[in-house]
Amino acid sequence: MHVPDFKNARDLALESRILEGGRISVEEAVWLHDHAELGWLGALAHEVRWRHNPDPVVTYNVDRNINYTNTCTARCRFCAFYLPETSPHGYVLRWEEIRDKIRELIAIGGNQILLQGGLHPDFTVEWYGGMLRRIKAEPPGLWLHAFSAPDRVDIADISWLGYRETLERLRAAGMDSLPGGGAEILVSPVRDTIAVGKCTGEEWIAVHREAHAIGMPTTSTMMFGTIETTEDRIRHLDMVRSLQDETSGFTAFICWPFQPDHTSLRKLVPRPATAVEYLRVNAVARIFLDNVPHLQSSWVTMGAKVGQLALFYGCDDFGSVMMEENVVSAAGTTHHLDEERIRRAVERSGFRPVRR
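The rules behind the values
- Residues numbered from 1 in each chain as written.
- Predicted model: local features only at pLDDT ≥ 70, side-chain atom pairs only at ≥ 80, totals over all residues.
- Heavy atoms only, no water.
- Helix = DSSP H or I, 4+ residues; strand = E, 2+ residues; numbered from the N terminus.
- Rg over C-alpha atoms; globule rule 2.2 N^0.38 Å.
- Buried < 20%, exposed > 50% of the residue type's maximum accessible area, 1.4 Å probe, protein only.
- Contact = heavy atoms within 4.5 Å.
- Areas by Shrake-Rupley, 256 points an atom, 1.4 Å probe, with all protein chains shown as cover.
- Lys, Arg positive; Asp, Glu negative; His and termini not counted.
- Charge placed at Lys NZ, Arg CZ, Asp CG, Glu CD.
- Expected span 1.5 Å × (residues − 1).
- Arc of directions from axis to C-beta.
- Pairing = 2+ DSSP bridges.
- Right-handed = clockwise from strand over helix to strand, strands pointing away.
- Polar contact = N/O pair within 3.5 Å; in protein donor to acceptor, adjacent residues only side chain to side chain.
- Phe/Tyr/Trp six-rings, centres within 6.5 Å; stacked < 30°, edge-to-face > 60°.
- Lys NZ or Arg CZ within 6 Å of the ring centre and 35° of its normal.

*Asks:* I'd like a description of the overall build of the protein chain, backed by residues and values.
*Replies:* Secondary structure assignment for the protein chain yields 15 helices and eleven strands. Compactness check: the protein chain gives a C-alpha radius of gyration of 20 Å against a globular reference of 21 Å for 356 residues, within 12% of the reference. With the C-alpha coordinates aligned to their principal axes, the bounding extent of the protein chain is approximately 60 × 40 × 40 Å. The buried share of the protein chain, reckoned over its 356 residues, is 56%. For the protein chain, the proportion of contacts with a sequence separation of at least 24, taken over those separated by at least 6, is 75%. Of the accessible surface of the protein chain, which amounts to about 14600 Å², a share of 52% is contributed by carbon and sulfur atoms. Across the protein chain, 39 positive and 47 negative side-chain charges occur, with their mean positions spaced 3 Å apart.

*Asks:* Can you break down helix α5 (residues 125-136) residue by residue, with the values?
*Replies:* The terminal C-alpha atoms of α5 lie 16 Å apart, and with twelve residues this matches the ideal 16 Å at 1.5 Å per residue to within 8%. Among all positions in α5, only Val125, Tyr128, Gly129, Met131, Leu132 and Ile135 are buried. Projected down its long axis, α5 carries its buried residues within an arc of 160°, all on one side. Turning to α5, the residues buried within the fold contact α4 (95-107), β4 (112-116), β5 (143-146), α6 (149-159) and α7 (163-173).

*Asks:* Give me the pairing of β4: which residues, what numbers.
*Replies:* Here β4 lies mainly inside the structure; four of its five residues are buried. Here strand β2 (residues 63-67) runs beside β4; their pairing, made up of five bridges, is parallel. Its bridge partner lying in β4, Asn65 is registered against Leu114. In this structure, β4 lies alongside β5, joined through four bridges in parallel fashion. Bridged to Gln112 within β5 is Trp143. Following the chain from β4 across α5 to the adjacent parallel β5, one finds a crossover that is right-handed.

*Asks:* How would you explain the side chain of Ser298 if you had to name every residue and give the values?
*Replies:* Locating Ser298 in the fold gives a position in the loop between β9 (294-296) and α12 (299-302). At a separation of 2.8 Å, a polar atom in the side chain of Ser298 contacts the side chain of Thr301. For Ser298, the residues in contact, after removing those within four places along its chain, are Cys255, Trp256 and Tyr278.

*Asks:* Break down the packing of aromatic side chains for me, with residues and values.
*Replies:* With the rule as written, the count across this model stands at eleven aromatic pairs. Ring centres 5.5 Å apart and planes at 45° place the aromatic pair Phe312 and Phe351 in the tilted group. Within this pair, whereas Phe312 is found in the loop between α13 (304-310) and β10 (317-320), its partner Phe351 is found in the loop between α15 (339-348) and β11 (352-355), the two being separated by 39 residues in sequence. On the basis of relative accessible area, Phe312 is assigned to the partly exposed category, the value being 34%. Look at Phe351 and you get buried, because its relative accessible area is 7%. Geometry around Trp50 places Arg49 over its ring, the cationic atom sitting 4.4 Å from the centre. One cation-aromatic arrangement involves Arg241 over Phe288; the distance from NZ or CZ to the ring centre is 3.6 Å.

Below, the structure is given as structure tokens:
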């Protein structure tokens, strides 16, 4: 691995502990984030990646996002997709539209659907359950990675149910796993400022705890690059790591930088996060999240080239074909890769592509 000339006794001791599988503290993660030489940091993260996943394999999937509604009661300042419930331009997809999207996915060999939408003020658990059952009645074998923790909190509140009962009803209707979306930055006061009307960080953790308790796998995410500090980012990671210590239910972690175009938060963020910052955050996350098995590269926000670089900064998964994506693209970021191009990108990085 790359060894910087300026390493001192503290750096050597920290490097040794990381390479031996030891846990780093919040304070050490902050130092790595802000001060570690990038090449050294990436090399450390890459070594940790091999410890978790020793085969020269990078996984990916073929799926489709279905954004069933853009009507939302939350007022997230980073979001360019949602519309308030009073807007005449809000939509709810008809079943025929959803069915056509499923059939288009099946036609290219896809097997997973990510269901995402706004927090609609009128939809109870029965509405969501009905949609899940109709999707599951289509050709068998579809995996439904459905909704997110803020959706669960909203559905539970509207339906007068607890988190676990809400999850159990949705699982019985066909939901297979819970996406890590809606995490943004979990800690206050950042979350209170950027994710107005969305569940708290503690509620996000509580939903994932209940999902893990009933045996439902979930992912974890972080959107960075708004008004948070380094300490906020690491405290977010610490909340994820602490729950994983308790439940071992997270299958992967995915981070991406805030996409500012067409959002009300843009005025507060004069400079979007750079590719270097993205790689640095990925590397620190791989080292700090010593109990999460996989990290996913976010080529959707960063593009294929940076997505490839992330495979040397701790990531071992290349995301998915994502046949349809509307939320990130609403903020002006549009990167598209089909399955052949994903496989080629992975192979040119020196790994073997394997479909999940």
